[in-house]
Amino acid sequence: MKYLPLLLANLGRKKMRTILTIGSFTVALFLFGLLGVIDMSFNQGVEVAGVDRLIVRNKTSLIMPLPIAYKERLGQIQGVKDVTFASWFGGVYQEPKNFFPQFAIDVDTYRGMFPEFIIPDQQWEDFARDRQGCIVGRKTLERFNWKIGDRIPIQATIYRGLWDFTIRGVYDAKREADDTTQFWFHFNYLNERTPFPKDYVGWYTVRIHDPDNAGPVAKAVDERFANSSFETTTETEKAFMAGFVKQFGNIKLIILSVGSVVMFTLLLITGGNMSLSIRERINEIAVLKAIGFGPVRVLGLVLAESIGYAVIGGFLGLSLCKLFTLSGDPTNGLLPVFFLSHETVLYGIGITLLVGLVSGSIPALVAMRLNIVDAMRRV
Amino acid sequence: MAIPLIYNVRSIQGRFSSTLVALFSIAGVVAVLIAMLAMASGFKKTLVASGSAHNAIILRGGATSEMESSLELEQIKIIGDDPRIARDSAGRPLYSAEVVVIAALPLRSSGTDANVQIRGVSQDALAIRDTVKLLKGRFFTPGLAEIVIGKHAQETYSGFDLGKNIHFGGRDWSIVGVFDAGGSAFDSESWCDANVLNQAYKRPENLFQSMTARLTAPAALQDLKNAVSTDPRLTVGVKSEIAYYEEQSVMITTLINVLGFLVAGVMGIGAIFGALNTMYAAVSSRYREIATLRAIGFRGSQVVLSFMLESLIIAFLGGLLGALIILPINGYTASTINWQTFSHMSFAFAVTPDILIQGLLFSLILGFFGGFFPALRAARRPIAPALRGL
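Turning our eyes to something else, we now look at the overall build of chain A. The helix and strand tally for chain A stands at 14 helices and 12 strands. Whereas a compact globule of 379 residues would reach a radius of gyration of roughly 21 Å, chain A reaches 29 Å, over 25% beyond that. Taking the principal axes of its C-alpha atoms as reference, chain A extends roughly 95 × 45 × 35 Å. For chain A, with 379 residues in total, the buried portion stands at 42%. Here the contacts in chain A between residues at least 6 apart in sequence split such that 82% fall between residues at least 24 apart.

The number of helices and strands found in chain B is 13 helices and 14 strands. For 390 residues, the compact-globule estimate of 2.2 N^0.38 gives 21 Å, and chain B exceeds it by more than 25% at 30 Å. Across its three principal directions, the C-alpha atoms of chain B cover 95 × 50 × 30 Å. The buried share of chain B, reckoned over its 390 residues, is 52%. Put simply, 83% of the contacts in chain B that link residues at least 6 apart link residues at least 24 apart.

This part covers the pairing of strand E8 (residues 162-173) of chain A. Residues and elements named next belong to chain A. Taken together, the 2 bridges between strand E5 (residues 117-118) and E8 define a ladder with antiparallel strand orientation. Within E8, the residue paired with Phe117 across the bridge is Ala173. Here 5 bridges tie strand E6 (residues 133-137) to E8, and the two strands are oriented parallel to one another. Within E8, the residue paired with Ile135 across the bridge is Gly169.

Chain A puts 39 residues into the contact, and the matching count from chain B is 44 residues. Of all elements in the fold, only helix H2 (15-48), helix H9 (237-248) and helix H10 (250-279) of chain A reach the threshold of two or more residues within the side of chain A that touches chain B. Tallying contributions element by element places H10 of chain A first for the side of chain A that touches chain B, with 11 residues. Taken together, the residues that form the side of chain A that touches chain B break down as 22 nonpolar, 16 polar and 1 charged.

Along the chain, Val51 of chain A turns up in the loop between H2 and strand E1 (53-58). For Val51 of chain A, a count of 11 C-beta atoms within 10 Å gives the class exposed.

A word on the domain arrangement of chain A. All names here are of chain A. If you check the domain split of chain A, you get domain 1 (4-45 + 249-378) and domain 2 (60-230). Just the C-alpha atoms count here: the centres of domain 1 and domain 2 sit 46 Å apart. The partner domain 2 presents 7 residues to the 9 residues of domain 1 that form the contact. Split into classes, the residues belonging to the side of domain 1 that touches domain 2 amount to 5 nonpolar, 4 polar and no charged.

All names here are of chain B. Looking at chain B, the domain boundaries give domain 1 (5-48 + 250-388) and domain 2 (55-217). The gap between the C-alpha centroids of domain 1 and domain 2 is 46 Å. Counting residues per element, the ones that place at least two in the side of domain 1 that touches domain 2 are helix H2 (16-48), strand E13 (333-338) and strand E14 (343-348). Ranked by residues supplied to the side of domain 1 that touches domain 2, first place goes to E14 with 5 residues. Among the residues forming the side of domain 1 that touches domain 2, the class breakdown is 5 nonpolar, 7 polar and no charged.

We now examine the confidence of the model for chain A. Taken residue by residue, chain A gives an average pLDDT of 86. The fraction at 70 or more is 97%. Averaged over each element, pLDDT in chain A is lowest for H10 of chain A (72) and highest for strand E9 (residues 183-186) of chain A (96).

Conventions and cut-offs
Residues numbered from 1 in each chain as written. Chains lettered and ligands numbered in written order. Predicted model: local features only at pLDDT ≥ 70, side-chain atom pairs only at ≥ 80, totals over all residues. Helix = DSSP H or I, 4+ residues; strand = E, 2+ residues; numbered from the N terminus. Rg over C-alpha atoms; globule rule 2.2 N^0.38 Å. Buried ≥ 20, exposed ≤ 12 C-beta atoms within 10 Å, placed from the backbone. Contact = placed C-beta atoms within 7 Å. Pairing = 2+ DSSP bridges. Nonpolar A, V, L, I, M, F, W, Y, C, P; charged D, E, K, R; others polar. Domains from an automatic or database assignment. pLDDT = per-residue confidence, 0-100.

Structural data, given as structure tokens:
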């Protein structure tokens with residue numbers, strides 16, 4: 001600690017370079033955080049998928065429905081604990097750019113299936129009583145400045161006409177990665193007003209007794225409905241979500257790989273800068289040694305300086321990234337979750353320390369082994 | 001008199017290695033920016049190329065995409081009788097009543113399912129879309145479970161080979177032809193008979209999702225719109241096919257553009273730091289030179305100008321280099337899911353002149369910010385101590 005003034009004086013001697021080095025480190029770590037955020041928002045569904053839940057959809061594709069009668073039959077399959085279902089509504093609030101997902105849900109069973117979503121009991125009861133009621137995720141509620149009791153008109157695109165809903169409750173999520181942009185309403189209301197054949201649902205979510213048993217149960221479900229006019233494909237929630245992510249295909253890969261290359265380049269340049277600034281002062285280090293600093297102490301001093309650069313830059317970068325995510329999703333609802341995860345922060349700290357250590361270690365070793373006489377002569 | 005340009009050129013030569021670092025970092029930023037913009041514009045171009053100014057697409061009123069729309073045969077016939085619709089040599093109106101569904105089929109690359117768009121069309125589909133040409137095989141026979149596949153679909157999904165059968169919608173379809181849609185979104189689709197597709201997907205007979213009609217002339221669109229909107233039997237919306245496909249690209253292009261600019265913007269700040277470092281180093285190693293320039297009568301503003309010019313030249317060269325490096329990405333095929341149609345689509349990166357200009361402008365902005373402050377410092381330095389120093 002007593003060397004702190006010396007360290008600070010060293011940081012302050014070429015202010016501009018210090019600022020630039022720390023600045024580019026800040027940028028690198030900001031970029032790192034941003035890539036983590038982007039990766040997270042693409043992978044969100046996979047991250048939060050319940051291990052004990054299966055998704056049952058029409059074998060042909062997700063847009064094809066399944067009969068509501070399957071609920072009963074799914075419940076009878078060995079290993080299945082609970083069953084719920086939902087349908088995609090695909091409506092528009094005011095204009096298409098105000099996108100958020102709307103689901104028609106089975107009011108009796110949906111809440112029990114997704115314990116990660118928290119709704120006060122009173123609100124849920126209000127919702128259950130009101131056929132035109134809806135529950136809105138916190139993010140969507142705040143995005144449009146809605147409050148409980150508001151009437152929300154949604155223009156149907158698949159189902160026809162203007163649909164009115166009354167907000168009866170708002171749901172929050174237990175984890176940051178959970179999607180709180182959804183909008184739920186009564187399946188019965190949809191079923192009543194639909195211009196299409198009644199009693200068809202979009203997909204089923206099934207909870208199984210034993211997560212290790214997911215494969216056999218999924219197979220049993222598909223076999224149960226094989227050769228019927230509505231064949232099914234059943235997979236774990238994770239696999240289902242991963243399927244979506246895979247379909248994003250190259251876009252995600254390209255953005256992430258480009259970003260990573262850049263980040264590493266930035267780190268290399270920064271590392272180079274830091275070692276440069278230490279190499280320039282080699283004769284000063286010789287002076288330190290001449291007045292009695294031991295090799296280990298010199299090593300420590302130099303390392304402390306480069307780690308100091310890194311830590312300040314890393315801290316700034318990650319904090320800025322955090323601030324940036326607080327201002328919300330920049331694409332206006334296309335990315336339902338947009339936040340800096342603890343994991344990313346931990347990796348960021350790891351990278352910070354590593355770069356600080358590596359870029360400082362070569363000049364530090366040089367400094368440690370420095371022959372005083374040689375160094376002094378160089379001046 | 002301004003400081004001659006040759007001074008800057010020589011001094012760049014003099015500090016070749018540090019100039020290279022700045023140049024390459026700017027080249028990298030510009031390359032990334034161009035790549036991102038080319039990805040978004042390629043995606044959009046692919047969709048827009050699917051439309052033709054000669055065609056109108058008719059959807060149910062209020063529907064924003066074919067997926068959401070539905071049209072009865074009756075309505076389609078009424079619109080088909082409109083004089084603004086072109087006729088073939090036999091005097092029949094040229095239109096295709098279409099059904100669009102998706103089928104989940106395994107990708108060649110990963111074996112996992114992706115949504116392939118299946119379009120049920122009428123016999124005239126090829127006559128209306130003149131960009132679509134059969135490459136191999138033949139068109140499907142009406143009434144049979146036969147399918148023709150787009151060339152990107154063929155590359156993307158396993159089992160998509162001429163002469164083979166694929167299974168979806170509860171039946172087998174034989175692949176009888178492969179078509180080339182000139183790089184448009186149709187290349188990722190597969191086409192079959194609309195009525196057969198309706199049966200397979202257990203949809204009501206004679207219910208379609210969209211109607212694409214050949215207009216007598218592009219200018220006839222407005223007349224058709226007017227005629228359709230005043231007809232009480234019709235509740236439909238008419239759009240030019242180009243406008244329709246442009247709308248279908250909005251979500252993904254927004255996503256790519258926002259993320260692309262974000263990443264490139266952050267990189268740009270990084271590159272400015274790099275440029276600043278180089279220019280500051282350049283300035284501080286040349287205090288004596290600068291002082292000499294001032295001493296022989298050049299004004300401070302001229303020194304600033306000269307240094308700015310130097311920085312801009314480096315940045316512009318970097319931008320040029322970045323553009324050249326990334327140019328081969330033009331035409332590179334990528335694929336993604338389009339949320340608006342819910343299906344998988346291949347598209348080619350498109351590096352347009354616009355994008356190149358944007359990239360070069362960006363490099364100049366980087367050069368400006370990278371050079372301005374060091375140039376100021378150079379000019380403000382008092383002359384006498386600088387000359388005496390070192």
